[in-house]
Each structure stands twice: as C-alpha cells, then as structure tokens.
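Here are the chains, one letter per residue:
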Amino acid sequence: MSKKLSLKEQLQNPKLREGILDGLLNRIKKGKIKAKEKEIIQLLTSRYGSCDKVPDWRKKHYGLS
C-alpha cells in the first residue's frame, strides 16, 4: 500500500511541487480558479526563481506583458 502524502510533504518535494503549480496554473487558464495578474506572476516567479527567468511563451500563454 502506498502512503498518501500531505500537502506539506508534497510541497517539500520539488517534482511534486512543480506538478501542483502546473495544476493551479492550468485551472487558472481554464477559468476554474479566479486569479489576478499579480497572483499569476507570483506563481510563475515561485516556479522559475525570478520574473526575468519566466519564459516568454509562458507570459503570452497567461496574457501577461
């Protein structure tokens, strides 16, 4: 039997954390979760390390400047 990880444990594992962020970003894109531009930028920054490192295609995908 596999042990289910808590959200805290998932966020500590880099690969699982990346999956959680992708899931959140996809739900925002589909309109299932409402988010302001500032919140989207914060999520992307947490994934890539800084706002400068966020790829241009990601910015265009979410309608950011």
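Residues numbered from 1 in each chain as written. Predicted model: local features only at pLDDT ≥ 70, side-chain atom pairs only at ≥ 80, totals over all residues. Heavy atoms only, no water.

Student: How would you summarise the pattern of salt bridges if you had to cite specific residues and measurements?
Tutor: Per the stated rule, a full pass over the model turns up two salt bridges. Residue Asp22 is joined to Arg47 by a salt bridge in which the shortest nitrogen-to-oxygen separation is 2.7 Å. Separated by 25 residues along the polypeptide, Asp22 in helix H2 (residues 14-30) and Arg47 in helix H3 (residues 37-48) bring together distant segments of the chain. With relative accessibility at 24%, the residue Arg47 sits in the partly exposed group. (Salt bridge = Lys/Arg side-chain N within 4 Å of Asp/Glu carboxyl O. Helix = DSSP H or I, 4+ residues; strand = E, 2+ residues; numbered from the N terminus. Buried < 20%, exposed > 50% of the residue type's maximum accessible area, 1.4 Å probe, protein only.)

Student: Just give me the short version of the environment of Asn26, but keep the residues and values in it.
Tutor: For Asn26, the position within the fold is in helix H2. A relative accessible area of 41% places Asn26 in the partly exposed class. The spatial distance from the C-alpha of Asn26 to the C-alpha of Lys36 is 14 Å, given a sequence separation of ten residues.

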